[in-house]
Amino acid sequence: MRNVKRLWGVIGMLAVCILVLTSLLIARSTNQPEPTQPPEPQQRGEQDKERVVATIGSREITIQELQKALERHYGTELLNQMLDREAIRLEGSESGTTIGNAEIERELRRMQQGYESEDQFYASMKNQLGMSKEEIREDVSNKLLLEKLATRNVVISDAIVDEYIKTHPDEFKQETEYNIQQIIVSTKEQANKVLAELAKGEDFAILARDRSLDDATNNSGGDLGWIEGDDPFVAAPVLEAAKQLKVGEVSKPVPMQQGFAIVKLKNRREKANPDRAFIRENVRRELALQEAPPLKDFIVSIRNKWGVKIIDPQFQ
């Protein structure tokens, strides 16, 4: 099941803005050099407003200008985000609904599927959303609490979960991975010469190093490593040829966009299935969310329940 990351990207963007505003507010009180005689409160306020944070040519940009721009562009979204989170926290506290570390870790594992490693996932989130590992955990906890509150009265039986898995086999199928070597040459004649040398007992890796035109793999003996059957970064003809081979076999010359390939299948394996319990809980959660009111509507209802009121007209 392809889980839609509801509100998650928006939450990430707004969290970054919150951090920016918070750091600016902190800077106002901590980054000024201490004067010999403390200025009067009114004088300190004026100094804060006039503090220059950047210059361009003869133009000075003050902290007050920056704060006004942030409030104008992001203030309403940030305030509503803060109110949403507080409403979710209050509702969870009243109902005794909590999110444990195990639930957070399980959701993080789900989100990391498709990334090569946990480190790559967090690096990607840092680059795309500017969020640290701790901030991601906090957002995940808030999202899970919202979903648990919204679905607390929805019951999804084991039979319904089983039926969904049975009727959507493509979502849970086991994938095959291939360990492939390749030699790329410019003509079919050269490819046939490579095959002749292999037939005489020449080592595939040595021939790949000496003959292959692929600079990315020739120094490693033409080894592509373990790849999935639909890897977009491997030429389709090479993948298709590998799928037809038995382990240890070498293909005939494979026509490519530029030249020919000789493909060897070093090994194949079935990609390990994820934990079945993990799959079932994801399915149950997704089906429950489909039965529950839309999350946006649920947030509106608990905001009304807890008496959210935006007083400043600028943010209404």
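Computed from a predicted structure; not experimentally measured.

Reading the values: the criteria
Residues numbered from 1 in each chain as written. Predicted model: local features only at pLDDT ≥ 70, side-chain atom pairs only at ≥ 80, totals over all residues. Heavy atoms only, no water. Pairing = 2+ DSSP bridges. Helix = DSSP H or I, 4+ residues; strand = E, 2+ residues; numbered from the N terminus. Contact = heavy atoms within 4.5 Å. Axes fitted to C-alpha atoms, helices over the stretch in contact; angles between N-to-C directions. Bend = angle between axes of the 7 residues up to and from the residue. Buried < 20%, exposed > 50% of the residue type's maximum accessible area, 1.4 Å probe, protein only. Parallel < 35°, antiparallel > 145°, perpendicular 65-115°, else oblique.

Caption draft 1: Geometry of the sheet that holds strand β4 (residues 223-228). One open sheet holds the 4 strands; their spatial order is β4-β3-β6-β5, and the pairing between them is antiparallel. Strands at the two margins of the open sheet, each flanked by one partner only, are β4 and β5 (254-255). Running over the sheet, helix α9 (residues 204-211) touches β3 (176-185) and β6 (260-270) and is turned about 50 degrees from β3.

Caption draft 2: Structural context of helix α3 (residues 63-95). Within α3, the axis deviates most sharply at Tyr74, by approximately 65 degrees. Along α3, the positions that sit buried rather than exposed are Ile63, Gln67, Leu70, Gly75, Leu78, Gln81, Asp84, Arg85, Ala87, Ile88, Glu91 and Gly92. A positive phi of about 75 degrees marks Gly96, the residue just after α3.

Caption draft 3: Looking closely at the packing of helix α7 (residues 158-167) against helix α11 (residues 276-291). Between α7 and α11, the shortest axis-to-axis distance is 10 Å and the interhelical angle comes to 100 degrees. Taken together, the axis directions place α7 and α11 in an arrangement best described as roughly perpendicular. Residues Asp158, Ile160, Val161, Asp162, Tyr164 and Ile165 of α7 lie in contact with α11, whose contacting residues are Arg276, Ile279, Arg280, Val283, Arg284 and Leu287.

Caption draft 4: Local environment of the side chain of Glu177. Along the chain, Glu177 falls in strand β3. Glu177 has contacts with Trp226, Ile227, Glu228, Asn267, Arg268, Arg269 and Lys271, leaving out every residue within four places of it along the chain.

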